[in-house]
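Examining the three-dimensional arrangement
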Amino acid sequence: MNSKVKFGQNFSTLHLNRPKLFHYLLLLILALTWGSSFILMHHGLVDENKNPVYTPEQVAALRLSIAGLCLLPVAITALRKIKVGDWKWLAVVGMIGSGIPAFLFTYAQGHLLSGIAGILNALTPLFTLLVGLFIFKKTFSAAQMMGVVVGFIGAAMLIALKQMEGNNDWPYAMLIVLATLCYGLSVNVIPARLAHMNSLHISALALLMTAIPCSMYVFYSGAHLVPAQNPAGWASLGYIIILACLGTAVASFLYFRLAQDTGALFASSVAYLMPLVAVGWGVGNDEAITLKHIACAAVIIAGVYLVNTRKKA
């Protein structure tokens, strides 16, 4: 793949591989992994009796610190191969693609159902298209633009529904919307500016850049003392470790590999399946997901489907 891609170059000229069975398998694994992240965040925040264990900021900082530690040997190896010009793009992927969303999602998770968070996360492909259109000068079709409109309508319906149910938690829903915007920017950067790098090296270095400040916050906030002070501390930490190793370290590598092989839009299509996994976990955790919520999810996913149509502009 040609690594010298100009910022305004049409992605149709990049000759990205068409998705194969292997890529669809990666997509399924990602959906199962990331779709389970919401319930893992929930159990990291509270114990079985819904009592707080870690703060949202501590969960996010622990998640990123542990994920960076998992890939530290890879990051050390990759440091010898990195080019100076790649650092700014790795910073975008690390801070905007992993760091900021981790804090936004964890903070919102303390106020939203896991299933609702998973449904809103389906907006990621919509923002992937918009960022590709306005920043990376990608072409688009009328069906894709209609998909953007339909997707936003579905998200607005879901947020309005929460209001009608008497829950004044729409600001937390907007945090997840902002996180999906961050994902849309990050995933466009991978094939456009870091296509020449090994996807595992991208994951390791991007997470290293977030893990360093987050590790400092872990000790500053006293998160490392929670297991000794709270009887549920070790159990919650176990959920966070699973979230960090699988939901962040491994999943990031798989996601970046998909983006490099097939393009940003296909990789972001993992949002098709994530709501189903997240809602399933939520129902199993006695969260009330109604037919109205499912209807809103269907509208969002319909928009995502239109966004991923491959008709020429």
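Cut-off values and rules
Residues numbered from 1 in each chain as written. Predicted model: local features only at pLDDT ≥ 70, side-chain atom pairs only at ≥ 80, totals over all residues. Heavy atoms only, no water. Patch = residues over 30% accessible without salt bridge, like charges linked within 9 Å, V, L, I, M, F, W, Y side chains within 5 Å. Areas by Shrake-Rupley, 256 points an atom, 1.4 Å probe, with all protein chains shown as cover. Salt bridge = Lys/Arg side-chain N within 4 Å of Asp/Glu carboxyl O. Helix = DSSP H or I, 4+ residues; strand = E, 2+ residues; numbered from the N terminus. Buried < 20%, exposed > 50% of the residue type's maximum accessible area, 1.4 Å probe, protein only. pLDDT = per-residue confidence, 0-100. Contact = heavy atoms within 4.5 Å. Phe/Tyr/Trp six-rings, centres within 6.5 Å; stacked < 30°, edge-to-face > 60°. Expected span 1.5 Å × (residues − 1). Bend = angle between axes of the 7 residues up to and from the residue. Polar contact = N/O pair within 3.5 Å; in protein donor to acceptor, adjacent residues only side chain to side chain. Axes fitted to C-alpha atoms, helices over the stretch in contact; angles between N-to-C directions. Parallel < 35°, antiparallel > 145°, perpendicular 65-115°, else oblique. Left-handed = near helix turned anticlockwise from the far one by under 90°. Nonpolar A, V, L, I, M, F, W, Y, C, P; charged D, E, K, R; others polar. Core = buried A, V, L, I, M, F, W, Y, C linked by side-chain atoms within 4.5 Å.

Taken together, L25, L28, I29, L32, L273 and L276 make up a surface patch of nonpolar side chains, about 520 Å² in accessible area. Looking at the nonpolar patch, the element that brings in the most residues is helix α1 (residues 21-35), giving 4 residues. Along the chain, L32 falls in helix α1. By relative accessible area, L32 is classed as partly exposed at 47%.

For the rest of this paragraph, the subject is the confidence of the model for the chain. When pLDDT is averaged along the chain, the result is 84, and 87% of the positions lie at 70 or above. When pLDDT is averaged over each helix and strand of the chain, the minimum, 73, is found for helix α14 (residues 274-284) and the maximum, 96, for helix α3 (residues 56-70). A low-confidence stretch, residues 1-15 stays under pLDDT 50, and its non-local contacts, those more than four residues away or across chains, total 26 contacts.

Aromatic rings in a pair are described by how distant their centres are and how their planes are angled relative to each other. Inspection of every chain in the model, using the stated rule, returns 6 aromatic pairs. Look at Y107 and Y172: their rings are 5.9 Å apart centre to centre, the planes differ by 45°, and that puts the pair in the tilted class. Residue Y107 is found in helix α5 (residues 87-109), and its partner Y172 is found in helix α9 (residues 170-193); the two are separated by 65 residues along the sequence. Judged by relative accessible area, which is 36%, Y107 ranks as partly exposed.

What follows deals with the pattern of salt bridges. All chains considered together, the criterion is met by 1 salt bridge. Across the pair D261 and R257 runs a salt bridge whose closest N-O atoms are separated by 2.8 Å. Linking D261 with R257, this pair stays in helix α12 (residues 233-262), spanning 4 residues, or about one helical turn. Overall, the relative accessible area of 30% leaves R257 in the partly exposed class.

Turning our attention to helix α10 (residues 199-221). Between the first and last C-alpha of α10 there are 32 Å, a value that for 23 residues agrees with the 33 Å anticipated at 1.5 Å per step. A bend of about 30° at A211 is the largest found in α10, and the proline P213 appears one to four places after it. A side-chain oxygen of the first residue of α10 lies 2.7 Å from the backbone nitrogen of L200; this N-cap is N198. At the exit of α10 stands G222, carrying a positive phi of roughly 80°.

Attention shifts here to the packing of helix α2 (residues 37-45) against α12. At a minimum axis distance of 8 Å, the contact between α2 and α12 shows a crossing angle of 150°. Here α12 runs roughly antiparallel to α2, going by the angle between their axes. Crossing of α2 against α12: the hand is left-handed. For the pair formed by α2 and α12, the contact residues are S37, L40, M41, H43 and G44 on the first element and S236, Y239, I240, I242, L243 and G247 on the second. A breakdown of the residues in the contact of α2 with α12 according to their chemical character gives 6 nonpolar, 5 polar and no charged.

Here we come to the side chain of Q109. In this structure, Q109 sits in helix α5. The exposure class of Q109 is buried, given its relative accessible area of 3%. Setting aside residues up to four positions removed in sequence, Q109 forms contacts with F38, M41, H42, L45, S114 and A117.

Residues other than glycine seldom take positive phi values, yet K50 does so here, at roughly 70°. Assignment of secondary structure puts K50 in the loop between α2 and α3.

Core analysis: the largest hydrophobic core is formed by 96 residues, its most contacted members being L30, Y54, V93, L194, I202, Y255 and V270. Among the elements that line this core, the one with the most residues is α12, at 11 residues. The contact partners of V93, leaving out residues within four places of it in the chain, are S98, S186, V189, I190, L194, I202, A206 and F256.

For the rest of this paragraph, the subject is the packing of helix α7 (residues 124-134) against α9. Relative orientation and spacing of two packed helices are given, respectively, by the angle between their axes and the distance between those axes. Two elements in contact, α7 and α9, have axes separated by 8 Å at closest approach and are oriented at 50°. Taken as axis vectors, α7 and α9 run oblique relative to one another. Considering only the axes of α7 and α9, their crossing is right-handed. Facing T124, F127, T128, V131 and G132 of α7, the residues of α9 in contact are V177, T180, L181, Y183, G184, L185, V187 and N188. Of the residues in the contact of α7 with α9, the class split is 7 nonpolar, 6 polar and no charged.

The subject of this paragraph is the side chain of S98. Considering the arrangement of structural elements, one finds S98 in helix α5. The residues contacting S98, other than those within four sequence positions of it, are L64, V93, L207 and S252.

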